[in-house]
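What follows is each chain in one-letter form.
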Amino acid sequence: MILVIALIALAAWATVATIVELRRDGYRRTPTDWSRVAGRDVTQQAESGHGYR
């Protein structure tokens, strides 16, 4: 019984820790720095729209 309680406590702690880390690690959209992308000119504009290959 103690092992079951310990397992539930560990699972709850892991779930909370995962949610906290996902919120903290910058898991969100960031704009692309086109000056760092290989093969692109700095003056070249990003293309809008969705292109699927």
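Preceding this section is the structure that the text describes.
Let us look at the structure shown here. The numbering scheme is per chain: residues are counted from 1 as the chain's sequence reads. Given that the model is predicted, a residue must reach a pLDDT of at least 70 before its local features are reported, and side-chain atom pairs must reach 80 or more before they are shown or counted; all residues, however, enter totals for whole chains, interfaces and linings. Note that the side-chain values use all heavy atoms of the structure and ignore hydrogens as well as water.

## Here we look at the overall build of the protein
- What the protein contains, in helices and strands, is one helix and zero strands.
- Considering the protein as a whole, with its 53 residues, one finds that 0% of them fall into the buried category. The helix count covers DSSP runs of H or I at least four residues long, the strand count covers runs of E at least two residues long, and both are numbered beginning at the N terminus. Burial status follows relative accessibility: with a 1.4 Å probe on protein chains alone, a residue under 20% of its type maximum counts as buried, one over 50% as exposed, and anything between as partly exposed.

## Here we look at the pattern of salt bridges
- Salt bridges are defined as contacts in which a side-chain nitrogen from Lys or Arg sits within 4 Å of a carboxyl oxygen from Asp or Glu. Enumeration according to the criterion identifies one salt bridge in this entry.
- The closest approach of N and O atoms between Arg 24 and Glu 21, which form a salt bridge, is 3.4 Å. Here Arg 24 and its partner Glu 21 are both found in helix H1 (residues 2-24), three residues apart, which amounts to about one turn of the helix.
- Given a relative accessible area of 44%, Glu 21 falls into the partly exposed group.

## As for a nonpolar patch on the surface
- Surface patches are defined over residues having more than 30% relative accessible area and no salt bridge, joining like charges when they lie within 9 Å and nonpolar side chains (Val, Leu, Ile, Met, Phe, Trp, Tyr) when within 5 Å. In these tables, accessible area is a Shrake-Rupley quantity obtained with a 1.4 Å probe, and a residue counts as shielded only by the protein chains included in the view. On the surface, Met 1, Val 4, Ile 5 and Ile 8 cluster together to form a nonpolar patch covering roughly 470 Å² of accessible area.
- Along the chain, Ile 5 turns up in helix H1.

## Some thoughts on the environment of Thr 15
- Along the chain, the position of Thr 15 falls in helix H1.
- Think of a polar contact as two N or O atoms within 3.5 Å of one another; within protein, one of them needs to be a possible hydrogen donor and the other a possible acceptor, and neighboring residues in sequence only count if both atoms come from side chains. Engagement of the side chain of Thr 15 in a polar contact is seen with the backbone oxygen of Ala 11, the distance being 2.9 Å.

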